Structures are given as C-alpha cells and as structure tokens.
Amino acid sequence: MGEIAVTGVGVVSPWGDEAGSAAAYGGLPADGAWFDHRARLGARGYKYLPAAAQYVLAAARAAVTDGAWADAVPADRRGLLLATNAGLAGAYDAMDATVAERGADGISPALAPYFAVNVLGNRLAAELSLHGFALTVATARTAALDALSTGASALAAGRCGALLLAATEEPVPAARGGGGEQGAAVLALEPLTAARARGTAVHATLRARSVFLPPGALERPEGRERAARVLERVLEELVPGARRHGSTDPAAGADRGGSVPPVVRVHLDLDTSPVCEAVAGALAGMRTRAAAGPDELPPRRTGCLGPALALAHAVTARDGGERLVVSATGAGQAAFVRVSPVQDRHTQELQHAEVA
C-alpha cells in the first residue's frame, strides 16, 4: 500500500484553529458561545444544522482550500470518511424529549433528517461534491484513526482519487454526565504519487494500521502472547526495525551492522485497561520519545476528536521528525498512524547524490 499524502488541514476549535494549540487542549469544550456560523459559513442556510455539522463543514472548507484538490479530482472520485462519537448526542436527546412530550409531529423538519449518525456528513458531502462515497465511523475514541485505515484501503484499491478524513464532536449532554469534546479536524488526502504529479504541496505522508485485541483473550497467557505478536507485526510494518533496535543509543544498532531506525516521537491516547497495557508494552521496545510529558496530556474523555487533533498537529509540525499517533481503548480497538515529514525533490536529489 502506497503512502498517503496530506495536502490540506483544517481545524475548528474553541481554543483556536491552529492545529498545535487545538491539540494542546485535546478537544476540550469551551464555556459559552465561541462559534458563529454566520461568520464561518454564511448568513443563510446553516442556522439549523447541528453544531457538529457546522464545525466539520468549516474545517473541511479550510482543508480543501489548503490542499486545493477539489478542482483537480472529479466529483465522483472524491470520498468522505467522517468520525464521531457524540456529535449528535444532543440532537438525539432533544428528539427523544420532543417525542415524549408532544409526539413525533413535534420534531422540527430541520432536525428530523439527523435521526441517524451517518447523516451527519450529508451536508458536507453535498457542498463539496464528495460523490464517490461517504462513510461514518463511530468506534469509541479510535474512530478517526480507524477511518484513516479504511481510507488508505480505498485509495490503494482505486475506490477514490482523493478523500476527506473528518472528525467532529459536540459535548455530551448534561443528562448523560456532560464532558466530551468540541470542534472538528479535517485532513485532505490523496496518493502521494498523484500529489507529486500535479505539483501540489504535501504536509506529510501517513501510514495507518488498526487492529482489534479481544479483551477477554488478554486474560489468558496465550492470548497476551498472541496480542504481543500482532502488535509487534503492526509496529514493524509502520516503523521497520524499531523493535530490533530498542536501545536509544544510535551506536547500538550500528555495532550490529544494521541501519538504525529513527527515534519516533509518540503521542499516546490510552486508558488503564489491559488492552492499553498491551499496546504500551509493545511500544516499550521501540526507540521513542513522548510527544508530551504526563502532566501535559489531556484527561481521557468521550469522543474521537483528541486523537484527530493530535494527528493534525503531527502533520503540520515543522520539527522534521517522525511521529506515531496511537489510540486504544478497553473495548479492544487499537489504532496506529505513522506521520512522516516530506522533503522536496531538490533536497531528496541532493541527499541521493551525497550517498552515491
């Protein structure tokens, strides 16, 4: 599977639309009004959209403008992968309350179409002419990274020529305990070869893998051993040689006559479950360094926006290093995305000449 190029990034957050600052807050919701749909989307036609749909539409417009692939890829070759956990939770609760008090006839015609979570991206797909396909992924916490794996398969199979990967969340209603996340993050993606062919700027390239580790199987030694083998294979695919060179000393690998893999900066989004313990154990043998200290990591919350913002930040970072964004949950999902910086052709040619 070829590398995926990120040609556009769009972020909408209560804490600013710059990926780094938004990621630092990890999707935390804000008190009070912060998003004006009239200023961000237009004076007419957006008032009655659910807030999560407004956020993702604004972020997608920014991503497409940044990547500028809309004019280069036919509408029937563009796809949408939308990730959310609680983006419509408030709308569902409002519908339930209306039906209980006044019956189904009391539901607003503007809200009624959003009876299913997969409808959340419809306005986005229509406005940006994403006619190839539109899929919604709702796995807890890992949805955005899982969607990326699906998108990689679609691009590799020729199912589409470009796609938008979008994550959007709205806080969980107070009746359900409150909290959650707020905002949206969108990446414009296409095959690296296609982006190079039309001479567009590329932020970074991505490789993604998602696996399922049955929580019950981890209760047995043989289950833990199998999980360790699965995770080792995934990490070897994403960062070749990393686990064979667990030492942080570059000379250690050189002494064995092998090339030394890069030190990978890792962003972890884990809980305290046995599944996440297995993931952390697999990462322990790699040459890594944390992307943020323990005191800087946001608290664990409902929603898939935190990992998506971490991915947007990794894509736009200018430190030139490799990054790995990892998210897993006690339910068994584990998702990994390697983010690699992209060098321009002139720099690559100089480096090849020096090696020769």
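Residues numbered from 1 in each chain as written. Predicted model: local features only at pLDDT ≥ 70, side-chain atom pairs only at ≥ 80, totals over all residues. Heavy atoms only, no water.

Caption draft 1: Expanded view of the overall build of the protein. Secondary structure assignment for the protein yields 12 helices and 10 strands. Of the roughly 16200 Å² that the protein leaves accessible, carbon and sulfur atoms contribute 53%. (Helix = DSSP H or I, 4+ residues; strand = E, 2+ residues; numbered from the N terminus. Areas by Shrake-Rupley, 256 points an atom, 1.4 Å probe, with all protein chains shown as cover.)

Caption draft 2: Region of the structure containing the pattern of salt bridges. For the coordinates displayed, the defined rule picks out 14 salt bridges. A salt bridge links Arg141 to Glu181, with the nearest nitrogen and oxygen atoms 2.6 Å apart. With a gap of 40 residues between them, Arg141 in the loop between strand S3 (133-137) and helix H6 (143-156) and Glu181 in the loop between strand S4 (162-169) and strand S5 (183-191) connect regions that are remote in the sequence. The class of Arg141 is buried, set by a relative accessible area of 7%. Taking relative accessible area as the criterion, Glu181 reaches 1% and is therefore assigned buried. Close ionic contact of Arg220 with Glu222 constitutes a salt bridge, the shortest N to O distance being 3.6 Å. Here the salt bridges share partners, and the residues they tie into one network are Arg61, Arg123 and Glu127. (Salt bridge = Lys/Arg side-chain N within 4 Å of Asp/Glu carboxyl O. Buried < 20%, exposed > 50% of the residue type's maximum accessible area, 1.4 Å probe, protein only.)

Caption draft 3: How the structure looks around unusual backbone geometry. If you check the backbone angles, Ser129 has positive phi at about 55° while not being a glycine. The backbone of Arg141 sits at a positive phi, close to 65°, despite the residue not being glycine.

Caption draft 4: Representation of the packing of aromatic side chains. Enumeration according to the criterion identifies four aromatic pairs in this entry. Between the aromatic rings of Trp34 and Phe35, the centroid separation amounts to 5.6 Å while the plane-to-plane angle is 70°, which identifies the pairing as edge-to-face. What makes Phe35 buried here is its relative accessible area of 15%. What links up through ring pairs into an aromatic cluster is the set Trp34, Phe35 and Tyr55. (Phe/Tyr/Trp six-rings, centres within 6.5 Å; stacked < 30°, edge-to-face > 60°.)

Caption draft 5: Looking closely at the nonpolar core. If you look at the biggest cluster of nonpolar residues, it comprises 42 residues, and the most contacted ones within it are Leu148, Leu165, Leu187, Leu189, Leu206 and Leu311. Counting 33 residues, the second largest nonpolar core, distinct from the first, contains Leu41, Ala53, Leu124 and Ala188. (Core = buried A, V, L, I, M, F, W, Y, C linked by side-chain atoms within 4.5 Å.)

Caption draft 6: Molecular detail of the pairing of S4. The buried fraction of S4 amounts to eight of the eight residues, a majority that puts the element mostly inside the structure. Side chains Ala162, Leu164, Ala166 and Thr168 of S4 all project onto a buried face; the interleaved residues Leu163, Leu165, Ala167 and Glu169 project onto the opposite face, where all are buried too. Here six bridges tie strand S2 (residues 78-83) to S4, and the two strands are oriented parallel to one another. When the bridges of S4 are listed, Gly79 appears paired with Leu163. With seven bridges joining them, S4 and S5 adopt antiparallel strand pairing. Among the inter-strand pairings, Ala167 is bridged to a residue of S5, identified as Ala185. (Pairing = 2+ DSSP bridges.)

Caption draft 7: Broad picture of the environment of Ala194. In this structure, Ala194 sits in helix H7 (residues 192-197). Residue classification places Ala194 among the partly exposed positions, given a relative accessible area of 29%. As for Ala194 and Ala162, which are separated by 32 residues in sequence, their C-alpha atoms are 9.1 Å apart.

Caption draft 8: Spatial organisation of the environment of Ala328. Mapped onto the fold, Ala328 is located in strand S9 (residues 323-328). Sequence separation of Ala328 and Arg141 is 187 residues, and the distance between their C-alpha atoms is 7.4 Å. Discounting chain neighbours no more than four positions away, the residues touching Ala328 are Thr142, Asp269, Leu270, Asp271, Cys276, Val279, Gln333 and Ala334. (Contact = heavy atoms within 4.5 Å.)

Caption draft 9: Expanded view of the environment of Pro50. Within the fold, Pro50 resides in the loop between helix H2 (37-40) and helix H3 (51-67). A C-alpha to C-alpha distance of 7.2 Å links Pro50 and Ala91, two positions 41 residues apart in sequence. Sequence-distant contacts of Pro50, defined by excluding residues within four places in its chain, comprise Leu88 and Tyr114.

Caption draft 10: Region of interest: the pairing of strand S7 (residues 264-269). Of all six residues in S7, five are buried, a share of seventy percent or more. With five bridges connecting them, S7 and S9 associate as parallel partners. Looking at the pairing, Arg265 lines up with Arg323 of S9.

Caption draft 11: Just the side chain of Asp146, in detail. Here Asp146 shows up in helix H6. Salt bridges are absent for the buried Asp146, whose nearest opposite-charge side chain, Arg141, sits at 11 Å. A distance of 2.7 Å separates polar atoms of two side chains, one belonging to Asp146 and the other to Thr139. The contacts of Asp146, once residues within four sequence positions are left out, are Val137, Thr139, Ser210, Gln333 and Ala335. (Lys, Arg positive; Asp, Glu negative; His and termini not counted. Polar contact = N/O pair within 3.5 Å; in protein donor to acceptor, adjacent residues only side chain to side chain.)

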